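Examining the three-dimensional arrangement
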Amino acid sequence: MMLIFRKICLALASFGLALLAFAWLTQADELFRAVALGTAVASAIGMGAVPFLQGYQYTAWIAAAVVAGMTYPQSLLHVGDFDLRNKWLILIVVQFVMFGMGIQMSLRDFSELATSGKGVLVGLCSHFTIMPLTGFALTKVFHFDPEIAAGIILLGSCSSGLASNVMVYIARANLVLSVAVTAMTTLAAPFLTPFLMKILAGTLIQIRFLDMMMEIIKIVIVPIGAALIHDFMKTSTPHGKRNVYRVALVSLMWLGSLTFGLWSWLAEAVSEPALQSLEVLSFFAGAVLVGLVYHLATLSFKKLDRYMPYVSMFGIIYFTTVTTAAGRDNLLQVGFLLFFVSVVHNSAGYFFGYWLSRLLGLDKPSARTMAFEVGLQNGGMASGLAGAMGKLGTVGLAAAVFSPWMNISGSILANYWRRKEISRGEEIQEISITP
């Protein structure tokens, strides 16, 4: 039944393309907008009927989100009087995105940091030098508005996302190294991303190092921490589980006391940096409770983990839609140029990530891994930070444009390398490399 529905949508998309051409030729603007959105959605659904195109279906949904934001911007920025760019809504959605990604990680991933040695160090250094500096150079060559330029640098300064792990798996490269580098860049992001933004984009927009560091902790570390609580509970001893319950009880008491007036007292009694630290501590307390409640939910709903990546996908589609709607006017002016810059930026990450790794002595599978770890950025993190700044339609624009292309290029490169054989002498040697 689903296959039939997808085939019908594919046929409707084909018909929509013809109707789209007619609307464009006759300058029927209302018809053109309606048909463009309908065709984009039908295409995203219909691609599932074609085996060759199934791997690009998520990218098609992101493209549909862009079309929606471009055709009906005002309708997608507000629901009644509620602003869909609300800072707290953005924060909650991005935390759900990161939590869904974190469900795909485990505590064992972090144990690989010690065994991957030289590769992790190369990955960390490459990721936080090649992409930020390339982004900075591109903003000097192409003279974007300051906030859009800052968004390009921001995206380049973010950690790698779990998309890189998926691409490495498809390419049959060094998955152990990929997971280790992703974990390391995620842990380093609260410190290195604000630092890079301060020195590379400090003249473009105001960068408050401590504020950005705290936001990254809330956006990335806290939800992934909640997911790791769930992972810990799956294999923990009874003693370990009791400790988690104790911490959860203390967390509940702490959050309850904040609700009943403690926060108001602290806001007047302590300094701003101390208050920010207490705010992050409160978020971690919430992470313990969320991780525990989610774990208990999985005991009754066994397939819950399988559905969480879809929550992440929905969140990213939401960001793309709202960001495109908010930045529609800017996109009409610089959209094509921004897309061109995204191709150059992404390609530079693949090229320099691979060849620098080879130059430093990594084997081919590990170098292929490094290409993905450097070339693919965490667009959700960039969108979340742009939303926290209140600049989703400018600083967040690069993430909205770059993310679809990264999915497309990553899939193409991964499938190409999957088909290309590696000689026996070039098989993965990473485990034997010592720091």
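Packing of helix H3 (residues 57-71) against helix H17 (residues 397-419) brings their axes to within 10 Å, and their N-to-C directions diverge by 160°. Considering the angle they form, H3 stands roughly antiparallel to H17. Two packed elements cross with a definite hand, and for H3 against H17 that hand is left-handed. In this structure, H3 uses Tyr58, Thr59 and Ile62 to contact H17, whose residues at the interface are Pro404, Asn407 and Ile408.

A few words on the layout of surface pockets. Estimates place the volume of the second largest pocket at around 520 Å³. Within the residue set of the lining of the second largest pocket, elements represented by two or more residues are helix H4 (87-102), helix H10 (209-235), helix H12 (272-300) and helix H16 (379-389). A per-element tally of the lining of the second largest pocket places H10 first, with six residues. Across the lining of the second largest pocket, the residue classes break down as 13 nonpolar, four polar and seven charged.

Now for the pattern of salt bridges. Tallying each qualifying case throughout the model produces seven salt bridges. The closest approach of N and O atoms between Glu279 and Lys218, which form a salt bridge, is 3.4 Å. Pair noted here: Glu279 is in helix H12 and Lys218 is in helix H10, with a separation of 61 residues, a long-range link. We classify Glu279 as partly exposed; its relative accessible area is 23%. When its relative accessible area of 5% is taken as the criterion, Lys218 is described as buried. Here the salt bridges do not stand alone but share partners, grouping Glu215, Lys218 and Glu279 into one network.

Helix-helix packing is described using two parameters, namely the angle between the two axes and the distance between the axes. Between helix H8 (residues 163-171) and helix H9 (residues 175-201), the shortest axis-to-axis distance is 9 Å and the interhelical angle comes to 175°. Classed by the angle they form, the pair H8 and H9 counts as roughly antiparallel. Note on element contacts: H9 touches H8 through Leu175, Ser178, Val179 and Thr182, opposite Ser164, Asn165, Val168 and Tyr169. For the contact of H8 with H9, the class distribution of residues is four nonpolar, four polar and no charged.

Before going further, it helps to spend a moment on the confidence of the model for the chain. For the chain, the average pLDDT comes to 85, and 95% of its residues sit at 70 or higher. Considering each helix and strand of the chain separately, the mean pLDDT is smallest for helix H5 (residues 107-116), with a value of 64, and largest for helix H7 (residues 146-157), with 92. Counting contacts from residues 428-435, a segment whose pLDDT is below 50, to residues more than four positions away or on other chains yields 23 contacts.

Unoccupied space between atoms shows up once a probe the size of one water molecule is rolled over them. Tallied over the full model, the rule gives one cavity of 30 Å³ or more. Here the largest cavity is characterised by a volume of approximately 60 Å³. Along its surface, the largest cavity is lined by Met98, Met101, Gly102, Met105, Ser160, Gly161, Leu162, Thr182, Thr186, Ile224 and Asn378. At the level of secondary structure, the elements contributing two or more residues to the lining of the largest cavity comprise H4 and H9. With three residues, H4 is the single largest residue contributor to the lining of the largest cavity. For the lining of the largest cavity, the class distribution of residues is five nonpolar, six polar and no charged.

With that out of the way, let us pick up the packing of aromatic side chains. This model, assessed by the stated rule, comprises eight aromatic pairs. Centre to centre, the rings of Phe351 and Phe352 are 5.2 Å apart; their planes meet at 90°, and the pair counts as edge-to-face. Phe351 sits in the partly exposed class, given a relative accessible area of 48%. The exposure class assigned to Phe352 is partly exposed, which follows from its relative accessible area of 43%.

For the rest of this paragraph, the subject is the nonpolar core. Nonpolar side chains in soluble globular proteins tend to end up buried together. Within the largest apolar cluster, 87 residues are counted, with the highest numbers of intra-cluster contacts made by Phe144, Met197, Leu338, Phe372, Met381 and Phe402. Counting residues per element, this core draws most heavily on H10, at 13 residues. Non-local contacts of Phe372, meaning those with residues more than four positions away in its chain, are made with Ser164, Met167, Val168, Ala171, Tyr350, Gly410, Leu413, Ala414 and Trp417. Residues Ile130, Leu177, Val181 and Leu362 belong to the second largest nonpolar core, which totals 10 residues.

Reading the values: rules and limits
Residues numbered from 1 in each chain as written. Predicted model: local features only at pLDDT ≥ 70, side-chain atom pairs only at ≥ 80, totals over all residues. Heavy atoms only, no water. Axes fitted to C-alpha atoms, helices over the stretch in contact; angles between N-to-C directions. Helix = DSSP H or I, 4+ residues; strand = E, 2+ residues; numbered from the N terminus. Parallel < 35°, antiparallel > 145°, perpendicular 65-115°, else oblique. Left-handed = near helix turned anticlockwise from the far one by under 90°. Contact = heavy atoms within 4.5 Å. 1 Å grid on protein atoms, 1.4 Å probe; cavity = no way out; pocket = protein on both sides within 12 Å on 5 of 7 lines; lining within 4 Å. Points joined across faces, edges and corners; volume = space filled by probe spheres on them. Nonpolar A, V, L, I, M, F, W, Y, C, P; charged D, E, K, R; others polar. Salt bridge = Lys/Arg side-chain N within 4 Å of Asp/Glu carboxyl O. Buried < 20%, exposed > 50% of the residue type's maximum accessible area, 1.4 Å probe, protein only. pLDDT = per-residue confidence, 0-100. Phe/Tyr/Trp six-rings, centres within 6.5 Å; stacked < 30°, edge-to-face > 60°. Core = buried A, V, L, I, M, F, W, Y, C linked by side-chain atoms within 4.5 Å.

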